[in-house]
Amino acid sequence: VSQSRYGSLLGSMPGNEVGGQKRGMHAVDFQLSRIAQHQVASGNYASLLGGMNNVSSGDQSSVVGGMFNDAQGAGSVIAGGYNNQASGTYAFTAGGSGNTAVGYSTVSCGISNTAGVESSAAIAGKNNYAGAVDATVLGGSFTHVTAHSGSAIGSIGSTIHGSQGIV
């Protein structure tokens, strides 16, 4: 374990510490392994706590466990899973695979779900999209909620366009 002058921890030093391949100021990087130089806590005050081949590039972002996860947004968090992305400010993903949360949104579990707008959530299911403010998709598959405050629960192949619509 090495320690830099900024207090960062790292299980093994990444090669070529320049640009996006070095740890951010006061970042903590303690994951089991990495296969690419950019897989590092490069955001200031960012953290990588366990897991493998993760990236924490947003300032104050964190990835806890999992593999191939990428916390890009400031204050974004990923808790486990595989190949998840938290690309916006304060975005959150937990578990699952191939999920994406954009600014102030949440994706939890499931496969290839997206919460693409502020205050939206996609929980479980597969290939769902919460794409409006306060939109929610719970379970089901191939469901798109693109209406303000729209909700879908356990729906398959539905699309909600009207405000406050529900399936």
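To keep things clear, this report deals only with the structure shown in the data block. What you see is a predicted model; the values in this text were computed from it and never measured.

**A short note on the nonpolar core**
So, step 1. In this structure, Ala41, Val63, Ile78 and Val107 are the most contacted members of the largest nonpolar core, which totals 13 residues.
So, step 2. Ignoring sequence-local partners within four residues, the contact set of Val63 consists of Ser47, Leu48, Leu49, Asn54, Val55, Ser56, Asn69, Ala71 and Ile78.
So, step 3. Among the nonpolar cores identified, the runner-up in size contains eight residues, and Ala135, Val137, Ala147 and Ile160 belong to it.

**Remarks on the environment of Ala101**
So, step 1. Take Ala101: it is sitting in strand β11 (residues 100–101).
So, step 2. Each C-alpha atom, one on Ala101 and one on Glu118, is 9.4 Å from the other, the two residues being 17 residues apart in sequence.
So, step 3. In this structure Ala101 touches Gln85, Ala86, Ser87, Gly88, Ala91, Phe92, Thr93, Val107 and Ala115, once residues within four positions along its chain are discounted.

**Digging into the sheet that holds strand β16 (residues 136–138)**
So, step 1. On the basis of which strands lie adjacent, the open sheet formed by nine strands has the order β3-β4-β6-β8-β10-β12-β14-β16-β18 and parallel pairing. Looking at strand neighbours, the two that pair on one side only are β3 (28–30) and β18 (151–153), the edges of this open sheet. Each adjacent strand pair in this sheet contributes to an overall mean axis angle of 5°, direction not counted.
So, step 2. Here strand β6 (residues 62–64) runs beside strand β8 (residues 77–79); their pairing, made up of three bridges, is parallel. When the sheet's bridge partners are listed, Ser62 is paired in β8 with Val77.

**What about the side chain of Ser61?**
So, step 1. In this structure, Ser61 sits in the loop between β5 (55–56) and β6.
So, step 2. Polar contacts involving the side chain of Ser61 include one to the side chain of Ser56, which spans 2.7 Å.
So, step 3. Only 2.5 Å separates the side chain of Ser61 from the backbone oxygen of Gly58, close enough to count as a polar contact.
So, step 4. The residues touching Ser61, leaving out its near neighbours within four places in the chain, are Tyr45, Ala46, Ser47, Ser56, Ala71, Gly73, Gly75 and Ser76.

**Some details on the sheet that holds β11**
So, step 1. Read across the sheet, eight strands follow the order β5-β7-β9-β11-β13-β15-β17-β19 without closing on themselves; strand pairing throughout is parallel. Edge positions in the sheet fall to β5 and β19 (159–160), since each of these pairs with one other strand and no more.
So, step 2. In the sheet, strand β17 (residues 144–145) pairs with β19 via two bridges, with the strands oriented parallel. Counterpart to His144 in the pairing with β19 is Thr159.

**Details of unusual backbone geometry**
So, step 1. The backbone phi angle of Ser119 is positive, close to 65°, even though this residue is not glycine.
So, step 2. Relative to the elements of secondary structure, Ser119 occurs in the loop between β13 (114–115) and β14 (121–123).
So, step 3. Backbone geometry at Ser149 places phi at a positive 60°, although glycine is not the residue there.
So, step 4. Mapped onto the secondary structure, Ser149 falls in the loop between β17 and β18.
So, step 5. The class for Ser149 is partly exposed, based on a relative accessible area of 23%.

Rules behind the numbers
- Counting from 1, residues in each chain are numbered in the order their sequence is written.
- Restriction of local features to residues with pLDDT of at least 70 applies here, the model being predicted, together with a cutoff of 80 or more for giving and counting side-chain atom pairs; totals for whole chains, interfaces and linings are based on all residues.
- Based on all heavy atoms of the structure, the side-chain values leave hydrogens and waters out of the count.
- Among buried residues, those of type Ala, Val, Leu, Ile, Met, Phe, Trp, Tyr and Cys that are joined through side-chain atoms within 4.5 Å constitute a nonpolar core.
- Burial status follows relative accessibility: with a 1.4 Å probe on protein chains alone, a residue under 20% of its type maximum counts as buried, one over 50% as exposed, and anything between as partly exposed.
- The contact criterion used throughout is that any non-hydrogen atoms of two residues lie within 4.5 Å.
- Runs of E in the DSSP output that reach at least two residues are strands. Runs of H or I that reach at least four are helices, and both are numbered from the N terminus.
- For two strands to be treated as a pair, DSSP must find at least two bridges joining them.
- Only the stretch in contact is used when fitting a helix axis, every axis being a line fitted to C-alpha atoms; angles between N-to-C directions are given from 0 to 180 degrees.
- A 3.5 Å cut-off defines polar contacts: any pair of N or O atoms within that distance qualifies, except that in protein one atom must be a possible hydrogen donor and the other a possible acceptor, and neighbouring residues in sequence count only when both atoms are side-chain atoms.

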